[in-house]
Amino acid sequence: MAKYIPNKDLEDLKPRVANVIHKSLGYSDPSLVTVIMNSITSGHDKRRMTDKLIPLLDIERGSKLADRIQDLVIHYNKNAQSKIGNKRSAEDSEGEQKKKQKDERAQIITGINPAMPKPVQLPSTLLALKSKIDSGMLKFIAPKPAVTDKPAPLILDSEGRTVDVTGKEVQLTHILPTLKANIRAQKREVLSQHIREKSEDTVESKFFDNRIAIKGAVRSKRALKFHEPGKFQQLADRMRMKAQLEKLQNEISQIARRTGISSAAKLAKLESKQKEELDEVPEIEWWDSVIINDTTYDQVQDENCVHLINKSAITHLVEHPIQMKPPSDPLKPVFMPLFLTKQEKKKLRRQNRREAWKEEQEKIRLGLVPPPEPKLRISNLMRVLGTEAVQDPTKMEAHVRAQMAKRQKAHEEANASRKLTVEQKRDKTVRKLKEDTSTGVHVAVFRVDGLSSVTKKYKIETNAKQLFMTGSVVMFQDCNVVVVEGGPKQMKKYKRLMLHRIKWEEDIIKSKNGDEVPNKCCLVWEGLVKQRNFGEIKLKACATEKLAREQLRKHGVEHYWDLAFSKSVLDLPDDK
């Protein structure tokens with residue numbers, strides 16, 4: 001089957017191959033016909049044809065079908081060769097007959113007869129006749145074209161059509177495509193040509209320019225459409241405002257039904273009109289539209305028009321309109337603050353760290369940043385280094401320890417860079433201790449029975465200064481008053497100092513009766529005032545009760561002394 005078969009013979013052989021497939025398998029399959037024709041064109045033998053048929057058939061059926069196809073091709077080639085031989089013999093006999101006839105005509109014309117040994121002299125009339133016959137025969141005898149095995153040359157005219165030597169158009173034989181991709185491409189080309197011809201036929205107008213090519217309908221790709229930032233937040237704000245307005249209207253309606261205010265129910269139905277101008281003065285105010293049965297104030301000013309007033313809407317109740325704060329900027333959108341839970345904060349931090357890690361890995365992958373060294377430790381020395389650690393363990397151990405020391409040094413340097421200086425530490429401590437007392441100042445008044453210990457005086461004064469608290473200490477016999485001012489945290493620490501940290505019972509003092517009793521401190525009063533009344537805390541020793549009261553009266557808080565001294569006189573128990 002390796003013999004070349006022309007295309008014309010292949011077209012003649014194709015229906016025979018299809019008939020053999022139908023007889024062998026009992027059904028027709030175009031894919032089998034295509035595979036077998038391609039195999040025949042390529043000159044495959046039985047084995048290679050069977051290999052081509054195995055994906056479509058089993059081995060046994062494919063082998064049998066290949067045998068039949070091979071027999072068909074061999075039989076077809078024999079028939080073709082016999083036809084060619086008959087044709088050549090017919091052509092040879094025809095050529096010999098034509099040559100014989102030509103020789104006879106030549107003998108007649110020249111007047112030479114092979115049977116006569118000598119030429120005969122022709123008269124002048126016969127010579128004239130011979131010349132006329134020769135001139136007429138030349139017109140009908142055309143030169144025989146040379147027979148070559150080369151294909152005929154392709155001749156194209158100015159319009160690109162295929163023509164022969166005489167200029168006549170020739171229709172070439174078209175080979176139909178066998179691959180599905182080529183068939184689909186041919187169908188698309190035919191369809192596009194049909195659409196183009198149809199559009200050219202339908203679009204006929206005096207304003208139509210034939211030079212412009214009309215494109216067929218092409219489906220455009222769906223592009224991504226992004227929403228503007230803040231669009232859905234604005235929608236959510238509008239929905240929340242609408243829900244809040246409906247809730248407010250329902251509350252006003254319920255209040256109106258309970259109290260009997262009819263105008264309040266109508267007020268609940270009013271809605272704000274942002275499009276109205278603020279400078280525009282209405283014909284009648286909305287609060288008067290409930291009482292007055294008219295649209296203007298013109299007729300109400302007349303005393304005779306009492307019937308225009310709706311007296312049933314006037315009650316003994318007083319209506320106070322709802323005070324609403326005007327917006328600072330009505331065009332600026334208001335966004336609700338976003339509060340994250342503890343789990344959401346952890347998740348967000350984890351995602352941010354993951355993104356940073358991915359970005360670092362991408363830089364390393366692109367070669368923008370060198371990859372970091374493996375983090376070596378003594379525990380993972382053998383696992384990371386492997387063969388190198390076995391070959392020279394001492395060197396690798398030294399390398400690992402050097403890397404560990406380098407990491408430790410970098411860690412300490414990072415901590416040192418973040419470490420605050422002495423001034424920064426002092427400022428941070430002061431910032432923590434100082435509290436905002438603009439909204440109110442916490443005040444505490446303590447009474448100490450005896451304050452003769454220098455150590456305890458130092459603690460009272462120094463701790464108040466360290467906590468940046470203000471106040472005063474007034475000392476008089478067995479009634480020593482300590483007044484301090486500050487924030488809530490400062491006050492909490494100072495109260496712990498006065499009531500728990502200082503051991504007052506260690507000191508033994510004499511009572512009014514002359515008995516020796518342990519010293520004690522009690523909280524007389526604690527509260528909140530509008531502003532501070534003292535400056536930096538100072539200790540004042542007073543000889544009389546009047547001088548002690550005068551020290552506090554200078555600051556406008558003499559009632560602190562009255563309260564502490566009265567408890568001392570009455571010897572009341574500790575009242576916290």
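Fair warning: this is a prediction, and the values are worked out from it, not measured in the lab.

(A) Local environment of the overall build of the protein. The helix and strand tally for the protein stands at 17 helices and nine strands. Expressed as a percentage of its 576 residues, the buried residues of the protein come to 21%. Contacts in the protein between residues at least 24 apart in sequence constitute 60% of all its contacts with a sequence separation of at least 6. For the protein, the exposed area adds up to about 46,900 Å²; of that, 55% sits on carbon and sulfur atoms.

(B) Up close: the packing of helix α14 (residues 454–466) against helix α15 (residues 488–501). For the pair α14 and α15, the least separation of the axes is 10 Å and the interaxial angle reads 160 degrees. Judged on the interaxial angle alone, α15 and α14 are roughly antiparallel. In the packing of α14 onto α15, the handedness of the crossing is right-handed. Of the residues in α15, those touching α14 at K459, I460, N463 and A464 are Y494, L497, M498 and R501. Class assignment of the residues belonging to the contact of α14 with α15 gives a composition of five nonpolar, one polar and two charged.

(C) Region of the structure containing the pattern of salt bridges. With the rule as written, the count across this model stands at 10 salt bridges. A salt bridge links D449 to R447, with the nearest nitrogen and oxygen atoms 3.2 Å apart. Take D449 and R447: they sit in the same class, and that class is buried. Salt-bridge contacts for D562 lead to R549; the nearest nitrogen and oxygen are separated by 2.9 Å. Of this pair, D562 sits in helix α17 (residues 558–570) while R549 sits in helix α16 (residues 545–553), and the two are 13 residues apart along the sequence. Classification of R549 by relative accessible area gives partly exposed; the value is 31%. The structure contains a network of salt bridges with shared partners spanning E461, K465 and E536.

(D) Here's a closer look at the sheet that holds strand β5 (residues 479–486). Here we have five strands laid out as an open sheet, ordered β8-β3-β5-β4-β9, and mixed in their pairing. Two strands in the sheet have a free side with no partner beyond their single neighbour: β8 (521–529) and β9 (539–541). Averaged over neighbouring strand pairs, the angle between their axes works out to 15 degrees when direction is ignored. Two elements, strand β4 (residues 470–476) and β5, share seven bridges in a ladder whose sense is antiparallel. Following the sheet pairing, M475 is matched in β5 by N480. Across the face of the sheet, α16 comes into contact with β4 and β9 while running at roughly 175 degrees to β4.

(E) Seen up close, the environment of A543. Locating A543 in the fold gives a position in the loop between β9 and α16. Judged by relative accessible area, A543 falls into the exposed class, the value being 62%. Residues A543 and F476 lie 67 residues apart in sequence; the distance between their C-alpha atoms is 6.4 Å.

(F) Fine view of the packing of aromatic side chains. Inspection of the entire model under this criterion finds four aromatic pairs. Taken together, the ring pairs connect F476, W561 and F565 into an aromatic cluster. Cation over ring: K231 sits above F232, and NZ or CZ is 5.9 Å from the ring centre. Directly above the ring of F468 sits K434, whose terminal nitrogen or CZ lies 5.4 Å from the centroid.

(G) Summary view of the nonpolar core. Residues F446, I460, V482, V484, Y494, M498 and W504 are the most contacted members of the largest nonpolar core, which totals 22 residues. Listing elements by their share of this core, those giving two or more residues are β3 (441–448), α14, β4, β5, α15 and β8. No other element matches α15, which puts four residues into this core.

(H) Representation of a positive patch on the surface. Together, K428, R431, K432, K489 and K493 make up a region of like positive charge exposed at the surface. Of all the elements in the fold, those that place two or more residues in the positive patch are α13 (422–433) and α15. Sorting elements by how many residues they give to the positive patch places α13 first, with three residues. Note on placement: K493 falls in helix α15.

(I) Representation of the pairing of β3. In terms of residue burial, β3 counts as a mostly covered element, since seven of its eight residues are buried. Where β3 meets β8, eight bridges bridge the pair, whose relative direction is antiparallel. Following the sheet pairing, V443 is matched in β8 by G527.

Scoring rules and cut-offs
- Residues numbered from 1 in each chain as written.
- Predicted model: local features only at pLDDT ≥ 70, side-chain atom pairs only at ≥ 80, totals over all residues.
- Heavy atoms only, no water.
- Helix = DSSP H or I, 4+ residues; strand = E, 2+ residues; numbered from the N terminus.
- Buried < 20%, exposed > 50% of the residue type's maximum accessible area, 1.4 Å probe, protein only.
- Contact = heavy atoms within 4.5 Å.
- Areas by Shrake-Rupley, 256 points an atom, 1.4 Å probe, with all protein chains shown as cover.
- Axes fitted to C-alpha atoms, helices over the stretch in contact; angles between N-to-C directions.
- Parallel < 35°, antiparallel > 145°, perpendicular 65-115°, else oblique.
- Left-handed = near helix turned anticlockwise from the far one by under 90°.
- Nonpolar A, V, L, I, M, F, W, Y, C, P; charged D, E, K, R; others polar.
- Salt bridge = Lys/Arg side-chain N within 4 Å of Asp/Glu carboxyl O.
- Pairing = 2+ DSSP bridges.
- Phe/Tyr/Trp six-rings, centres within 6.5 Å; stacked < 30°, edge-to-face > 60°.
- Lys NZ or Arg CZ within 6 Å of the ring centre and 35° of its normal.
- Core = buried A, V, L, I, M, F, W, Y, C linked by side-chain atoms within 4.5 Å.
- Patch = residues over 30% accessible without salt bridge, like charges linked within 9 Å, V, L, I, M, F, W, Y side chains within 5 Å.
- Lys, Arg positive; Asp, Glu negative; His and termini not counted.
- Charge placed at Lys NZ, Arg CZ, Asp CG, Glu CD.

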